[in-house]
Amino acid sequence: MIDFNGQVAIVTGGSGGIGQAVVEGLARYGARVLVGYHHNEAAATDVVAAVQSSGREAAALAIDVREPDSGNVLVATAIERWGKLDILINCAGIADYGPLSEMSSERWRQTIQTNLTGIYHTCRAALRPMMQQRYGRIVNLAALYGTSGFPGQADFAAAAGGIIGLTRALAREAAPWQITVNAVAPGMIETDLIEVIPAEIQQWSAGIIALRRLGKPEEVAAAVLFLASPAASYITGQTLMVDGGWTMA
């Protein structure tokens, strides 16, 4: 059974589709949640209000994970408010679409900075308090494309592959302190991020997925919640594909 009572969590990208589902799930099972967001203040405010209306605790913080001090600010805010940090979920990410031959260096830089370097900033900041209490759960959102690639999203795929590698390396480093580090790699999920992908590509993708449909944010969140819970105490360094059977090992 998943139980987060007494635990404190940070969720970056908490105003996005998957991020919102993760925040609501953590709170539903008892966690107090700090919702990190960048631009979408209205969505962050709405998800915090929904959590609070259910009798749980949440707060929102505007943050740019590309900034080197962003992780320190998030962690300090959570600890100042609730006294500790148990869970870090990295959902912040951006995406665009277009071939590498036409990709600007600015697009490449922004994607890597947000999707990969942002995780470096938050993980580094979260490690110290987790090590001090000898407990922690870190779950990073990667993507199916980090292992399979995808045309038109070389930057997104490169960042996702980097997240998977970072997750494995950090899992080995953090294990002596009973901190687990895992990744969830969604496939085609019904969020704002897939709106950049042409409709015909989305239709083609749905046709080759074993379940013959796109996924929902709540289905990704379910995997994240499990890996963030005490129930996943013997799982670390893993990447869980949530792709409807697009790829099968």
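Residues numbered from 1 in each chain as written. Predicted model: local features only at pLDDT ≥ 70, side-chain atom pairs only at ≥ 80, totals over all residues. Heavy atoms only, no water.

1. Observations concerning the pattern of salt bridges
Convention followed: Basic side-chain nitrogens of Lys or Arg form a salt bridge, by our definition, when they fall within 4 Å of a carboxyl oxygen of Asp or Glu. Residue exposure (1.4 Å probe, protein chains only): buried if accessible area is under 20% of the type maximum, exposed if over 50%, otherwise partly exposed.
Under the definition given, this model contains 6 salt bridges. The shortest N-O distance in the salt bridge between arginine 66 and aspartate 64 comes to 2.8 Å. Overall, the relative accessible area of 24% leaves arginine 66 in the partly exposed class. On the accessibility criterion, aspartate 64 (18% relative accessible area) is buried. In this structure, aspartate 86 and lysine 84 form a salt bridge, with 3.3 Å as the shortest nitrogen-oxygen distance. Overall, aspartate 86 belongs to the buried group, its relative accessible area being 4%. Exposure remark for lysine 84: the relative accessible area of 28% places this residue in the partly exposed category.

2. Here we look at the nonpolar core
For clarity, the cut-off: We define the nonpolar core as a collection of buried residues of types Ala, Val, Leu, Ile, Met, Phe, Trp, Tyr and Cys that are connected through side-chain atoms lying within 4.5 Å of one another. Only runs of H or I of at least four residues qualify as helices and only runs of E of at least two qualify as strands under DSSP, and these elements are numbered from the N terminus. In what follows, residue pairs with any heavy atoms lying within 4.5 Å of each other are defined as contacts.
Counting residues in hydrophobic clusters, the biggest one holds 33 residues, and the most contacted among them are Val22, Leu26, Ile89 and Val184. The set of elements that each furnish at least two residues to this core consists of strand 1 (8-12), helix 1 (17-28), strand 2 (32-37), helix 2 (41-53), strand 4 (87-90), strand 5 (136-141) and helix 8 (217-228). In this structure, isoleucine 89 is in contact with Ile10, Val11, Thr12, Val22, Leu26, Val139, Leu141, Val224 and Ala228, ignoring residues within four places of it in sequence. Membership of the second largest hydrophobic core comes to 29 residues, among which are Leu61, Val75, Leu85 and Ile164.

3. Here we look at the environment of tyrosine 234
Position of tyrosine 234 relative to the elements: it lies in the loop between helix 8 and strand 7 (239-242). Remark: the alpha-carbon pair of tyrosine 234 and valine 220, spanning 14 residues in sequence, is separated by 20 Å.

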